[in-house]
Amino acid sequence: MVAERILIVAGKEFSDHLTSRKFLVILALLLMLALLGMHQGIDQYNRNLEAYNQQLQAAGDATGSAGMMPERPSILSIFLHLENSLIIFGGVLAIATGADLVSKEKESRSLKTLLSHPVYRDEVINGKALGGMAALGVALAVAFTLTSAVLLVFSIVPTAGEVVAILIFGLASFLFLLAFFALALALSVVVKENGHAVVYGLTLFFAFTYLLQMFGMVLGGVVAGDIPQGPERPVTVDGRPVDEAVWKAYEEEFGHYIEEMEIYRNKQQFVTDTVNIFSPMMAYNTVASTVAYPSELPPEDAASRIWRNFAALLVFPSVFFAAAYVRFMRMDIR
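Each residue is numbered by its place in its chain's sequence as written, counting from 1. It should be noted that, the model being predicted, local features are given only for residues of pLDDT at least 70 and side-chain atom pairs only at 80 or more, the latter also being counted only at that level, while totals for whole chains, interfaces and linings use all residues. For side-chain calculations, the full set of non-hydrogen atoms in the structure is used, while hydrogens and water are omitted.

Trainee: Any chance you could explain the overall build of the chain here in plain terms?
Mentor: What counts as a helix is a DSSP run of H or I of at least four residues, what counts as a strand is a run of E of at least two, and both are numbered from the N terminus. For the chain, the count of helices and strands is eleven helices and two strands. When the helices and strands of the chain are read in sequence order from the N terminus, they spell out α-α-α-α-α-α-α-α-β-β-α-α-α. Counted over contacts in the chain with a minimum sequence separation of 6, partners at least 24 positions apart contribute 85%. Surface accessibility follows the Shrake-Rupley procedure with a 1.4 Å probe radius. Residue values consider only the protein chains on display as shielding. Looking at the chain as shown, the accessible area adds up to about 18,500 Å², and 63% of this sits on carbon and sulfur atoms. In this analysis, two residues are considered to be in contact whenever any of their non-hydrogen atoms come within 4.5 Å of each other.

See below:
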């Protein structure tokens, strides 16, 4: 495997993607929705900032000093509106980018011609994957550059910490797109017809993004079993129990009920979280919300949560890239 030949294949694929009408149309829709989402996010941010200034002034007037100051709204909350656009149109763009990398050439029989040149199979599949990843990277960079420019137009300048958080959010966004690009690439290698690869890719995108989350909640409820039933509250008069012995028995039963509910919820949450490991959207959403609202968790817990979900976002595309690579290397091309 020679890096120079991989880069040649990658360059051709990259150029084909950036000049593809399908790629440009989906990218344009993504950018339009991203701008709309950013506009809504900026409006909400300005309202939150105004409320923050009012609370700050009220706290100063009440205590005569800083006292317990309210938390300043984060710019990252604006990017959560961008996340919604990336989940839908970004995922569709990733599927469209990867679904025809191999299947289109198999359908047109140009793959056999390509492999007749002095180039190895691993160089072809690696070059195609690299070219598609580069095209998605450019699309994401354009989206983030455009949205950052909008922030500057509205005189919203992020702090150094917020810039780092935006970069983390950008990396998570790229890994999310990469997950479904790898899925589409694997389908492109396996499926013979290009149209079928696109349809299967969009179907699996919908399943992994939405249906899997609902399946996790349903399965969690089934595994956890019936919801524990609380004891019946004894009769009280003016807030006082009529029978002290009955009340003490109720308090004891209620304590057992609380413990059973805790066990039930933990079991249900464990099953749901286990299923959600296979959902790139859940991992992406978790990273985005943690970065946008870091004060809701201790720093160590927030960092652990981010890196754990980054690992999930890395494992998903790695599995499908490996499947696509192995299948392409063993594929019978006639």
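Trainee: Would you mind going over the packing of helix α10 (residues 280–292) against helix α11 (residues 299–330) with me for this structure?
Mentor: How two helices pack is summed up by the angle between their axes together with the distance between the axes. Axis separation between α10 and α11 bottoms out at 9 Å; the angle between their running directions is 150°. Looking at the two axes, α10 sits roughly antiparallel to α11. Crossing of α10 against α11: the hand is left-handed. On the side of α10, the interface is formed by P280, M282, A283, Y284, T286, V287, T290 and V291, while α11 contributes A302, R305, I306, N309, F310, A312, L313 and F316. Axis lines are fitted to C-alpha atoms, over the contacting stretch for helices. Their N-to-C directions set the angle, which ranges from 0 to 180 degrees. Small angles under 35 degrees read as roughly parallel and large ones over 145 as roughly antiparallel, with 65 to 115 read as roughly perpendicular and the rest as oblique. Less than a right angle of anticlockwise turn of the near helix away from the far helix marks a crossing as left-handed, whereas a clockwise turn marks it as right-handed.

Trainee: Any chance you could explain the environment of M329 here in plain terms?
Mentor: Looking at the secondary structure, you find M329 in helix α11. Considered as a pair, M329 and D122 are 207 residues apart in the sequence and their alpha carbons are 6.8 Å apart. Every residue in contact with M329, bar those within four places of it in the chain, is listed here: R121 and D122.

Trainee: For this particular structure, what's the right way to read the packing of helix α3 (residues 76–99) against helix α7 (residues 160–190)?
Mentor: It is at 8 Å that the axes of α3 and α7 come closest, and there the two elements cross at 25°. Comparing the axis directions of α3 and α7 gives the class roughly parallel. Of the two possible hands of crossing, α3 and α7 adopt the one that is right-handed.

Trainee: Where do I start with a nonpolar patch on the surface in this structure?
Mentor: Patch membership requires more than 30% relative accessible area and the absence of a salt bridge. Residues of like charge join within 9 Å; the nonpolar side chains Val, Leu, Ile, Met, Phe, Trp and Tyr join within 5 Å. A pair is scored as a salt bridge if a Lys or Arg side-chain nitrogen falls within 4 Å of a carboxyl oxygen belonging to Asp or Glu. A cluster of nonpolar side chains, I88, F206, Y210, L211, M214 and M217, forms an exposed patch at the surface whose accessible area comes to about 550 Å². Relative to the helices and strands, Y210 is located in helix α8 (residues 194–224).

Trainee: Any chance you could explain the side chain of D100 here in plain terms?
Mentor: Structurally, D100 is set in the loop between α3 and α4 (103–108). Once residues within four sequence positions are removed from consideration, D100 is found in contact with K22, S188 and N194.

Trainee: Explain the pattern of salt bridges to me, please; I cannot follow it from the model alone.
Mentor: Counted under the stated rule, the structure contains three salt bridges. Close ionic contact of K12 with D16 constitutes a salt bridge, the shortest N to O distance being 2.9 Å. Separated by four residues within a single helix, K12 and D16 lie in helix α1 (residues 3–18), roughly one turn from each other. Judged by relative accessible area, D16 falls into the partly exposed class, the value being 36%. For E13, the salt bridge identified is with K128, shortest N-O distance 2.7 Å. In this pair, E13 is assigned in helix α1 and K128 in helix α6 (residues 121–153), connecting sequence segments 115 residues apart. Whether a residue is buried, partly exposed or exposed follows from its accessible area with a 1.4 Å probe, protein chains only, as a fraction of its type maximum: under 20%, in between, or over 50%, in that order.

Trainee: It is not clear to me how α8 should be interpreted in this structure. Could you clarify?
Mentor: Along an α-helix, a turn takes 3.6 residues, which lines up residues three or four apart on a common side. Expected span of a helix, by definition, is 1.5 Å for each gap between consecutive residues, and there is one gap fewer than residues. With 31 residues, α8 should reach 45 Å at 1.5 Å per residue; the first-to-last C-alpha distance of 43 Å fits that figure. The angle between axes fitted to the seven-residue stretch ending at a residue and the seven-residue stretch beginning at it gives the bend at that residue. A bend of about 45° at L211 is the largest found in α8. Looking at the packing, one finds that the buried side of α8 touches α3, α4, α7, α9 (244–276), α10 and α11. After α8 finishes, the residue G225 shows a positive phi value of roughly 90°.

Trainee: Whenever I open this one, the packing of aromatic side chains confuses me. Can you help?
Mentor: Centre distance and the angle of the planes are the two values used to describe a pair of aromatic rings. Only rings of Phe, Tyr and Trp enter the pairing, Trp through its six-membered ring, and a pair is recorded when the two centres are within 6.5 Å. The plane angle decides the type: under 30 degrees is stacked, over 60 is edge-to-face, the rest tilted. The full count for this structure, using the stated rule, is 14 aromatic pairs. Note on F316 and F320: the rings are 5.0 Å apart at their centroids and 50° apart in plane angle, and the pair reads as tilted. Of the two residues, F316 and F320 both sit in helix α11, four residues apart, roughly one turn of that helix. In this structure F316 comes out as buried when scored by relative accessible area, which is 9%.

Trainee: In this structure, what is going on with α9? I would like to understand it.
Mentor: Taking 1.5 Å as the rise per residue, α9 with 33 residues should run 48 Å; its terminal C-alpha atoms sit 47 Å apart, in good agreement. W247, Y250, M261, Y264, V271, T272, V275 and N276 are the residues of α9 that are buried.

Trainee: Is there a simple way to explain the environment of L175 in this structure?
Mentor: Within the secondary structure layout, L175 lies in helix α7. Sequence spacing of L175 and P317 is 142 residues, and the spatial spacing of their C-alpha atoms is 8.1 Å. Discounting chain neighbours no more than four positions away, the residues touching L175 are F310, L313 and L314.

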